[in-house]
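# Remarks on the overall topology
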Amino acid sequence: MDAQTVFFIALAVAVVALVVVLSVALLSIRRNVDRITRRIDESLRQFEMTAEDVRKTNAAVREILSDVERGVSNVTHFTEGVRALRGTVDVATKVFDHAVSPALVSAASALAGLKAATSHILDRFVRKEEMK
């Protein structure tokens with residue numbers, strides 16, 4: 001065999017070895033790319049699930065905030081009603097202090113005086129009858 005044939009055989013063997021090494025490397029790269037693709041798909045699914053959970057939580061929080069706002073509105077309305085009622089109660093208290101209370105005191109005094117007078121008159125009549 002001449003040198004050129006040996007050279008071509010060696011070159012062919014080197015090319016075959018290079019093709020085998022490149023095939024193994026490309027298969028390894030393909031497996032890694034497939035693994036990365038699966039992980040990315042799984043991560044995207046997890047992200048979508050998390051986004052959906054956040055959306056549901058956001059809707060629940062909005063509903064809670066709506067209920068809280070409604071409660072605050074009710075408390076504000078109740079407070080305004082109490083303030084308005086307090087004005088009415090203040091007026092009624094002033095009327096009671098200036099008109100009803102003195103009238104009640106006068107009526108109580110009149111009843112006490114009437115009782116005392118009745119008691120005194122009855123005592124006198126009863127004593128007169130006892131003396132007879």
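Provided above is the structure to which this section pertains.
In this report, we go over the structure that sits alongside the text. (Residues numbered from 1 in each chain as written. Predicted model: local features only at pLDDT ≥ 70, side-chain atom pairs only at ≥ 80, totals over all residues. Heavy atoms only, no water.)

## Observations concerning the packing of aromatic side chains
This is how the line gets drawn: Each aromatic pair joins two rings of Phe, Tyr and Trp (for Trp, the six-membered one) with centres within 6.5 Å, and gets the label stacked for planes under 30 degrees apart, edge-to-face for over 60, and tilted for any other angle.
The final tally for this structure, using the stated rule, is 1 aromatic pair. Seen in terms of ring centroids, F7 and F8 are 6.0 Å apart; in terms of plane orientation they differ by 50 degrees. Their pairing is tilted.

## A look at the environment of S23
Using the following cut-off: For the purposes of this entry, the term helix denotes a DSSP run of H or I that reaches at least four residues, the term strand denotes a run of E that reaches at least two, and both are numbered from the N terminus. The buried label goes to any residue with under 20% of its type's maximum accessible area, the exposed label to any with over 50%, and the partly exposed label to all in between, with areas taken from a 1.4 Å probe on protein chains only. Here a polar contact is recorded for every N or O atom pair within 3.5 Å, except that within protein the pair must consist of a potential hydrogen donor and a potential acceptor, and residues adjacent in sequence are included only if both atoms are side-chain atoms.
The topology assignment puts S23 in helix 1 (residues 3-131). You can call S23 partly exposed: its relative accessible area is 35%. Separated by 86 residues in sequence, S23 and S109 have C-alpha atoms that sit 121 Å apart. Reaching out from S23, the side chain makes a polar contact with the backbone oxygen of V19 at a distance of 2.8 Å.

## Brief notes about the pattern of salt bridges
How we decide: Salt-bridge detection follows one rule: a side-chain nitrogen of Lys or Arg within 4 Å of a carboxyl oxygen of Asp or Glu.
Enumeration according to the criterion identifies 2 salt bridges in this entry. The partner of R55 in a salt bridge is E52, with the nearest N and O atoms 2.5 Å apart. A residue pair is termed a helical-turn pair when its members lie 3 or 4 positions apart in one helix, as R55 and E52 do in helix 1 at 3 residues. Under the relative-accessibility criterion, R55 is labelled partly exposed at 47%. Residue R70 pairs with D67 through a salt bridge whose shortest N-O separation is 3.1 Å. Placement of the pair is R70 and D67 together in helix 1, with a separation of 3 residues, close to one helical turn. Here R70 falls in the partly exposed class, since its relative accessible area comes to 48%.

## A word on a nonpolar patch on the surface
Rule in force here: Exposure above 30% relative accessible area and the absence of a salt bridge qualify a residue for a patch, where like charges join within 9 Å and nonpolar side chains (Val, Leu, Ile, Met, Phe, Trp, Tyr) within 5 Å. Where accessible areas are quoted, they stem from the Shrake-Rupley method and a 1.4 Å probe; at the residue level, only the protein chains shown are allowed to cover.
Together, F7, F8, L11, V15 and V19 make up an exposed nonpolar region whose accessible area comes to about 470 Å². Examined against the element boundaries, V15 turns out to sit in helix 1. By relative accessible area, V15 is classed as partly exposed at 44%.

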